Amino acid sequence: MNGDILFINLTDGLSWVENRRELVDKCIGGSGLAINLLNELCPDGVDPFAPENPIILASGSFIGLYPACSKTIAMFKSPLTGNLGESHAGGKLGAAIRLAGYEAVVIIGASSKLVWIDIRDNGGVKVNGASSLKKMGGLNTIMALSESSSCGLQSIVAIGPAGENFVYYANVLVDGYNFFGRTGLGAVMGAKNLKAVRITGGGEISVKNLDAYKRVFEKIYEEVVKSGKMRKYHDLGTPQNVLTLNQIKALPTMNFKLGYFDYAEQISGEYFADNLLTRKNTCPLCPIGCKHVVILRSFFADEHEVESIEVGYDYEPIYALGSNLGVGNPMDVLKLRAVCDRYGLDAMMTGTMLAWATEAYEKGLIGLDETMVEPKWGNAEKYIEMIKHIMTMPNEFYLSMAQGKPYKNLGEEFLVAIGGNGLAGYHTGLAFIIGTAIGARHSHLSNAGYSLDQKLLGSTINPVNAVEALLKEETWRCVLECCGVCLFARDVYDKHMVLEALNTIGFNYDGESLEKIGRVAYGLKYKFKFKEGFKFQNLKIPKRIFETATANGIISPEDVKKALTVAEAKIKEIVKEATAQ
Amino acid sequence: MPIKLIVKNQDRCMNCATCVFVCSRELRGVLSVKHSAIRISRSGVGFKVTVCSGCEEPDCASACPYEALKPRSGGGVELLNPEKCEKCENRPCLNACSLKALQWDDERKRPIICIECGVCAKFCPHEVLYYGEDV
């Protein structure tokens, strides 16, 4: 951990390195480092698309050292939620940042024309024109910039046309298979006129006590490969959830009107793996291979004229573009996913908006004048046209769609988002809703309320106890995020293992100080949110959530209200503790 | 049969690159790509891992004008006189390997030699790399 942070100002093209070793020692790295830098660098009340909005890409201290640790943390002010923008991506980025000699890369300013940044170790930073990459999809951009003979670990992140067009939930593709998917980093890059960043890590990472490190590495590797703790991600991947959730009536279907989908079998992890899976991809030093990929072929003319592309599939896009849109044909789900990927759109939020639009159309709140094509549950061809319109915004309606808002506030009671972020695919119960509401990035991954709901299936969930459990989980997850641990490996990296791994590479923590690091990171995230105007009293839970029975029955609005009141007080305490640091 | 490192299941590689990093760890005590004797590249719909084939009559050794590289009993090569590599400009050993399996250490100005330790194979989750009898 050398503590070096690379700064790049796109306004004047200058770059410099600041050493923040002290800060890294205090917060480990990853999300702890990113949120400290964001609070330092992001001006109060900044427009997310202003040059002053910083993009922070922070590596974690385990990245490049331990198995199943490759989550790079991006932080910025989000155009979608209006406050904390936070997204985590796997892939080679974090390892490349570290092998280039840095803990984090910070991009500020904005270029007057479209550019891409080339970063190499030993301080080489070059800002290049990207006029020839304009409107190109993320994958083609990565292929164009990729160097095959590089003698280092190279990672490339790129936006598609949706990012260039400032769609509020544009994503960023990382190395072809991973994404900074949520809260609109792609749009913030677009606003900076930044098409891509290529980092070549030609350096090295060293460890003082090599023998001890090798022993811990092997111990973790064995746990990852042999313990069965990561079997789900290795075998079917996250799509294993489809049938599990459908069975307990928690698979959101047709805009959360139902909790089960008649065609769940056809879009299940089992179906994809048995019939379509062609390869698995993985991140550096991770033997799991959670990225499930298929070759999607389509005939585009007579005489078997054929085109083929690789598409990844995960649970969330299957829910968002499958069951929640009534799309039960697996090839259609893949086609929709491929279109989102090509334009650079978060598949989850795209699904949220399409589901809302379909229902609004069905109810006659909007018509063809707005939608231009007729949205219909299960009709992928129409949805493909609509996704293109979200990217190009041909009218006021699609402008509002691209901003993640209900057109003229119509039907906002069934736009299934909390804090601006579209919900993940778990209609499991109270804990999931509370968890998404109080999660610093309003993500299912913040604190896994869906998991708590499933553990407590059939029993009455006490809202106050749920808040307690979710806060405990989220502050612990903040520790994992600081290290760069993939949340899929959370069962391997329990507190004991994290401490052993940390102390082996030169940090000095005990259980208590480690937990405090997580609380401080979480508190600082909320400090940022409050500073940027986030208020619990303004947090709207869409009515739809209370109308459809979950796996644990109907959610009571009073329970949610009670939970949020309790959570607000507790979170403010955590912010106070974090700020006092 | 001598024990050696072989690429057993090329098409199963997922590019976790654990082999690359544990190799640099064995050779130089650090984690890096540049100090590793192993490279992974994209190939068709998957990945290709390139390691030393452990040749019985290695072309790289034959090409060495300074007798710095010598065939090793059991296959592969060893670097006996690395100081001789410092003045070598054309790196004929690298060019002689049709597989391009030999890498160059820019800092120490010498080829990076696979020591046939087998650690890479130990951490290969799909048995792409295999360390054992060459059958």
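Residues numbered from 1 in each chain as written. Chains lettered and ligands numbered in written order. Predicted model: local features only at pLDDT ≥ 70, side-chain atom pairs only at ≥ 80, totals over all residues. Heavy atoms only, no water.

1. So, the pairing of strand β3 (residues 55-58) of chain A
All names here are of chain A.
Alright, step 1. Burial along β3 is two-sided: Ile55 and Leu57 facing one way and Ile56 and Ala58 facing the other are all buried.
Alright, step 2. As paired elements, β3 and strand β6 (residues 104-108) share 4 bridges and run antiparallel to each other. Paired with Ile55 across the bridge in β6 is Ile107.
Alright, step 3. Sheet topology places β3 next to strand β4 (residues 72-77); 3 bridges connect them, and they run antiparallel. Across the sheet, Leu57 pairs through a bridge with Ala74, a residue of β4. (Buried < 20%, exposed > 50% of the residue type's maximum accessible area, 1.4 Å probe, protein only. Helix = DSSP H or I, 4+ residues; strand = E, 2+ residues; numbered from the N terminus. Pairing = 2+ DSSP bridges.)

2. Some points on the pattern of salt bridges
It is possible for side chains of opposite charge to pair when their charged atoms get near one another.
Residues and elements named next belong to chain A.
Alright, step 1. Applying the stated criterion across every chain yields a total of 40 salt bridges over all chains.
Alright, step 2. Note that Arg544 is salt-bridged to Glu359, the shortest N-O span being 2.7 Å. Highlighted residues: Arg544 in helix α22 (residues 544-547) and Glu359 in helix α13 (residues 347-362), separated in sequence by 185 residues. The same class applies to Arg544 as to Glu359, namely buried.
Alright, step 3. Put simply, Glu532 and Lys531 hold a salt bridge, and the shortest N to O gap is 3.1 Å.
Alright, step 4. On the basis of relative accessibility, which here comes to 11%, the residue Glu532 falls in the buried class. (Salt bridge = Lys/Arg side-chain N within 4 Å of Asp/Glu carboxyl O.)

3. Quick word on the pairing of strand β3 (residues 39-43) of chain B
All names here are of chain B.
Alright, step 1. As paired strands, β3 and strand β4 (residues 46-50) are joined by 5 bridges and run antiparallel to one another. Counted as the bridge partner of Ser43 is Gly46 from β4.
Alright, step 2. Where β3 folds back on β4, the antiparallel hairpin that results is connected by 2 residues, among which Gly44 adopts a positive phi of roughly 55 degrees.

4. Overview of the domain arrangement of chain A
All names here are of chain A.
Alright, step 1. What the domain assignment lists for chain A is domain 1 (4-201), domain 2 (237-416) and domain 3 (428-490 + 509-579).
Alright, step 2. A straight line from the C-alpha centre of domain 2 to that of domain 3 covers 27 Å.
Alright, step 3. Across the domain 2/domain 3 interface, buried area totals approximately 1200 Å², and carbon plus sulfur atoms make up 64% of it.
Alright, step 4. For domain 2, the biggest contributors to the area lost against domain 3 are Ile248, Phe256 and Glu413; these three give 36% of the whole.
Alright, step 5. Applying the counting rule to domain 2 against domain 3 returns 2 salt bridges.
Alright, step 6. One can count 6 residue pairs in polar contact (both at pLDDT 80 or more) joining domain 2 with domain 3.
Alright, step 7. Counting residues per element, the ones that place at least two in the side of domain 2 that touches domain 3 are α9 (241-247) and α13.
Alright, step 8. Tallied by class, residues from the side of domain 2 that touches domain 3 come to 10 nonpolar, 4 polar and 7 charged. (Domains from an automatic or database assignment. Buried area = accessible area lost by both parts, 1.4 Å probe. Polar contact = N/O pair within 3.5 Å; in protein donor to acceptor, adjacent residues only side chain to side chain. Nonpolar A, V, L, I, M, F, W, Y, C, P; charged D, E, K, R; others polar.)

5. Things to note about the packing of aromatic side chains
Alright, step 1. What the rule picks out here adds up to 29 aromatic pairs over all chains.
Alright, step 2. Measuring from ring centre to ring centre gives 5.0 Å for Phe62 of chain A and Tyr66 of chain A, while their planes differ by 80 degrees; the resulting arrangement is edge-to-face. Side by side, Phe62 of chain A and Tyr66 of chain A carry an identical accessibility label, which is buried.
Alright, step 3. Measuring from centroid to centroid gives 5.9 Å for Tyr526 of chain A and Phe536 of chain A, while their planes differ by 10 degrees, and the two rings are stacked. Here Tyr526 of chain A, found in helix α21 (residues 511-531), pairs with Phe536 of chain A, found in the loop between α21 and α22; they are 10 residues apart in sequence, far enough to count as distant. The pair formed by Tyr526 of chain A and Phe536 of chain A is uniform in burial state, with each residue classed as buried.
Alright, step 4. The ring of Tyr130 of chain B has Lys8 of chain B sitting right over it, with the charged end atom 4.2 Å from the ring centre. (Phe/Tyr/Trp six-rings, centres within 6.5 Å; stacked < 30°, edge-to-face > 60°. Lys NZ or Arg CZ within 6 Å of the ring centre and 35° of its normal.)

6. Section: the sheet that holds strand β9 (residues 153-158) of chain A
Residues and elements named next belong to chain A.
Alright, step 1. An order of β8-β7-β12-β9-β10-β11 is seen for the 6 strands of this open sheet, with the pairing classed as mixed. Looking along the sheet, the strands with just one partner apiece sit at the ends: β8 (125-129) and β11 (178-180). Between one strand axis and the next, the sheet turns through 20 degrees on average, direction left out of account.
Alright, step 2. Alignment of β9 against strand β10 (residues 172-174), held across 2 bridges, turns out to be antiparallel. Residue Val157 lies in a different strand from β10, and its bridge partner there is Val174. (Axes fitted to C-alpha atoms, helices over the stretch in contact; angles between N-to-C directions.)

7. Overview of the sheet that holds β6 of chain A
Residue and element names in this part refer to chain A.
Alright, step 1. In spatial order, the strands read β2-β1-β6-β3-β4-β5; together these 6 strands make up an open sheet with mixed pairing. Bordering the open sheet on either side are β2 (15-19) and β5 (84-89), each of which pairs with just one other strand. The average undirected angle you get between the axes of adjacent strands in this sheet is 20 degrees.
Alright, step 2. As paired elements, strand β1 (residues 4-9) and β6 share 5 bridges and run parallel to each other. If you follow Phe7 over to β6, its bridge partner there is Val106.
Alright, step 3. On top of the sheet, helix α2 (residues 30-41) reaches β1, β3, β4, β5 and β6; it is set at about 20 degrees to β4, its chief contact. (Contact = heavy atoms within 4.5 Å.)

8. Re the nonpolar core
Alright, step 1. Ranked by internal contacts, the top residues of the largest apolar core, which has 200 residues, are Phe62, Tyr66, Trp356, Ile438, Tyr493 and Val498 of chain A together with Leu129 of chain B.
Alright, step 2. Leave out the neighbours within four places in its chain, and Tyr66 of chain A touches Tyr213, Val216, Phe217, Ile220, Leu285, Tyr493, Ala501, Thr504 and Ile505 of chain A.
Alright, step 3. Val174, Phe180, Leu185 and Ile199 of chain A belong to the second largest nonpolar core, which has 29 residues in total. (Core = buried A, V, L, I, M, F, W, Y, C linked by side-chain atoms within 4.5 Å.)

9. Considering helix α20 (residues 495-504) of chain A
Residue and element names in this part refer to chain A.
Alright, step 1. Residues Met497, Val498, Leu499, Ala501, Leu502 and Thr504 constitute the buried set of α20.
Alright, step 2. Close packing links the buried residues of α20 with α7 (210-226), α19 (463-483) and α21.
Alright, step 3. Of the residues one or two after α20, Gly506 is the one with positive phi, at around 105 degrees.

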